[in-house]
Amino acid sequence: MRLWDLDRWQEVFASFAQHRLRTLLTACGVFWGVFMLLVMLGFGNGLEHGVQRNMAGFITRSLFIWGQQTSKAYRGHPAHRGVQLRNADSDALLGRVQGIEALGPRMQLGGWMEGNNVSAGARTGNFNVMGDVPAYARIEGITPSSGRFINVRDMAERRKVTVIGSEAARVLFGSTLVVGEWLRIQGVPFQVIGVVDSELPGDEGERAKNTLHVPLATFQLAFNMPDKVGWYALLVAPDQDAAVVEQAALATLRSRHEVDPTDEQALGSYNGARGYDKLGTLFRSLRFFVWFVSIATLLAGALGVSNVLLISVKQRTREIGIKKAIGATPWTIVSTILQEALVLTLTSGYLGLAAGVAAIEWADRVLTLPGSPLSRPSVELEAALGAALLLIAIGALAAVVPALHAARIRPAVALRAD
């Protein structure tokens, strides 16, 4: 195929000009397929990266366990008995369960999602108050924007100190520069030792900004909840299977609290890795759907290109017969049809590619706002190369039927055609 042959290029564009509307509509099909492929892949990647960012990395190895009610009688204990986790469970979990990188027993003042009255001077507010241990900072990935988090001495000495969320600090003190200030939680005085901010969007970010963390030992003493643990947050070691650690931890707690080993209701648990795997499956399905829809659209465009070329071949039957009569080879005829198909698909595909990139750049500047679940839309190099190869394949496929039809034309028959 001689791409530099001026006569051939004139022939290609003359064929397109002869069927302007049909050519334009066909090109639009290819353009739209490539455009939608890039845009959907870009936004899909942006959403996936945003979810991964918002999880802050720790959720993929996190595990949460809490007590519920038994559903079976066991060793003299009746069914429907409440399971209350205790401080000693922490030593049992760390001693018997392999693969725990960090363990965080937690307590909450009041019920789930219920706030508590906190005051600082004349200002008051309603905030979440949590009893935590130093290891919880590793589990949730907490890095105070000022001051520090709870440490071992705070726990050992039962210090009345607290780490406060940034929004709670603004409400109570009008500023986030509050390290060293004092506040009261249900009338009990605590000194602020750190401030925590959050870039997470939605409810998670708001909850972090409106939460106060108190040393668990102090929490149990100050609010009359001796030896009680509300639930456990665990960070699984990177080289361990979170599902295996989950089952081992549940078995340990069932044994300690004399719960039937087959009782699935006595303890509740949430495995972050399992939830993350489900998200991964969802995003893989989304990518498959995007490619499927885009390929179907491109194939529809290829069918249009093939029809345009087939009509063109039929209308040029006499011309093709004359070419063959004066010595043109079948490959010369086929290569011309192939060139027309590739020009139409690659040109419209390139325009779709450029428009898709422009749309992604626009979305990056206009739609990706702070706190949005959408991260920067992007398309991997492999996807772009795949789209380019797909375009070439589509162009070649579109030329098959018209090219074979043209190659089979006999000069004697063609010269008698109208």
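Cut-offs and rules
- Residues numbered from 1 in each chain as written.
- Predicted model: local features only at pLDDT ≥ 70, side-chain atom pairs only at ≥ 80, totals over all residues.
- Heavy atoms only, no water.
- Helix = DSSP H or I, 4+ residues; strand = E, 2+ residues; numbered from the N terminus.
- Buried < 20%, exposed > 50% of the residue type's maximum accessible area, 1.4 Å probe, protein only.
- Contact = heavy atoms within 4.5 Å.
- Core = buried A, V, L, I, M, F, W, Y, C linked by side-chain atoms within 4.5 Å.
- Salt bridge = Lys/Arg side-chain N within 4 Å of Asp/Glu carboxyl O.
- Phe/Tyr/Trp six-rings, centres within 6.5 Å; stacked < 30°, edge-to-face > 60°.
- Lys NZ or Arg CZ within 6 Å of the ring centre and 35° of its normal.
- Polar contact = N/O pair within 3.5 Å; in protein donor to acceptor, adjacent residues only side chain to side chain.
- Patch = residues over 30% accessible without salt bridge, like charges linked within 9 Å, V, L, I, M, F, W, Y side chains within 5 Å.
- Areas by Shrake-Rupley, 256 points an atom, 1.4 Å probe, with all protein chains shown as cover.
- Arc of directions from axis to C-beta.
- Pairing = 2+ DSSP bridges.

Undergrad: Would you take a moment to explain the side chain of Thr70 for this structure?
TA: Take Thr70: it is sitting in the loop between β1 (62-67) and β2 (85-86). A relative accessible area of 1% places Thr70 in the buried class. Ignoring anything within four residues of it in the chain, the contact list for Thr70 reads Pro78, Ala79, His80, Arg81, Val83, Val259, Asp263 and Ala266.

Undergrad: What am I meant to see in the nonpolar core here?
TA: The tendency in soluble globular proteins is for nonpolar side chains to be buried side by side. One finds Val118, Ile164, Leu183, Ile185, Leu212 and Phe219 to be the most contacted residues of the largest nonpolar core, which totals 42 residues. Excluding its chain neighbours within four sequence positions, the residues that come into contact with Leu212 are Val118, Phe127, Asn128, Val129, Met130, Thr162, Val163, Ile164, Ala168, Leu183 and Ile185. Core analysis: the next-biggest nonpolar cluster, separate from the first, contains 21 residues, Leu93, Tyr232, Val259 and Ala273 among them.

Undergrad: I tried to follow the environment of Ala102 on my own but got confused; where do I start?
TA: The topology assignment puts Ala102 in strand β3 (residues 100-108). Residues Ala102 and Val236 lie 134 residues apart in sequence; the distance between their C-alpha atoms is 7.2 Å. Every residue in contact with Ala102, bar those within four places of it in the chain, is listed here: Ala135, Arg138, Ile139, Ala233, Leu234 and Leu235.

Undergrad: What should I look at first to understand the pattern of salt bridges in this one?
TA: Oppositely charged side chains can form a pair if their charged atoms are brought close together. Considering all chains together, one arrives at 10 salt bridges under this definition. A salt bridge links Arg148 to Asp154; the nearest nitrogen and oxygen atoms lie 2.7 Å apart. A relative accessible area of 30% means that Arg148 is categorised as partly exposed. One salt bridge in this structure joins Asp154 and Arg159, with 3.1 Å as the shortest N-O distance. A residue is classified by how much of its surface remains accessible, and Asp154, at 0% relative accessible area, is buried. Within this structure, Arg148, Arg153, Asp154, Glu157 and Arg159 form a network of salt bridges that share partners.

Undergrad: Teacher, can you tell me more about the packing of aromatic side chains here?
TA: In total, this model carries 4 aromatic pairs according to the counting rule given. Centre to centre, the rings of Phe190 and Phe223 are 6.2 Å apart; their planes meet at 20 degrees, and the pair counts as stacked. Note that Phe190 is positioned in strand β9 (residues 188-196) and Phe223 in the loop between α8 (216-222) and β11 (228-229), a separation of 33 residues in sequence. Both residues of the pair, Phe190 and Phe223, belong to the buried class. Pairwise contacts between aromatic rings join Phe190, Phe219 and Phe223 into one cluster. Residue placement shows Arg106 over the ring face of Tyr136; its charged tip is 3.8 Å from the ring centre.

Undergrad: What's the story with the side chain of Ser90 in this structure? I'm lost.
TA: Examined against the element boundaries, Ser90 turns out to sit in helix α3 (residues 88-96). Residue classification places Ser90 among the buried residues on the basis of a relative accessible area of 12%. Among the polar contacts made by the side chain of Ser90, one reaches the side chain of Tyr232 at a distance of 2.8 Å. Those residues in contact with Ser90 that sit more than four places away from it in its chain are Leu103, Pro105 and Tyr232.

Undergrad: What exactly am I supposed to notice about a nonpolar patch on the surface here?
TA: Residues Leu299, Leu397 and Val400 make up a contiguous nonpolar surface patch of roughly 250 Å² in combined accessible area. Structurally, Leu299 is set in helix α10 (residues 272-315).

Undergrad: When you look at helix α6 (residues 166-173) in this model, what are you seeing that I'm missing?
TA: Since one α-helical turn is 3.6 residues long, residues separated by three or four positions face the same way. Residues Ser166, Ala168, Ala169 and Leu172 constitute the buried set of α6. Buried residues of α6, seen end-on, are gathered within an arc of 155 degrees and therefore sit on one face of the element.

Undergrad: Honestly, the pairing of β1 in this entry has me stumped. Any pointers?
TA: Successive side chains on a regular strand alternate, one facing one side of the sheet and the next facing the other. Direction of pairing for β1 relative to strand β12 (residues 231-236): antiparallel, over a ladder of 5 bridges. Following the sheet pairing, Phe64 is matched in β12 by Ala233. By the bridge criterion, 5 bridges tie β1 to strand β13 (residues 267-271) in an arrangement that is antiparallel. If you follow Trp66 over to β13, its bridge partner there is Gly268.

Undergrad: Teacher, can you tell me more about the pairing of strand β10 (residues 211-215) here?
TA: Counting buried residues along β10, 5 of its 5 residues qualify, which places the element largely inside the surrounding structure. Burial of the side chains of β10 extends over both faces: Thr211, His213 and Pro215 are buried on one face and Leu212 and Val214 on the other. Note: strand β5 (residues 123-132) against β10, 5 bridges, orientation parallel. Paired with Val129 across the bridge in β10 is Leu212. Two elements, strand β7 (residues 161-165) and β10, share 2 bridges in a ladder whose sense is antiparallel. Bridge assignment links Ile164 to a residue of β10, and that residue is Leu212.

None of this, on its own, says anything about what the molecule does.
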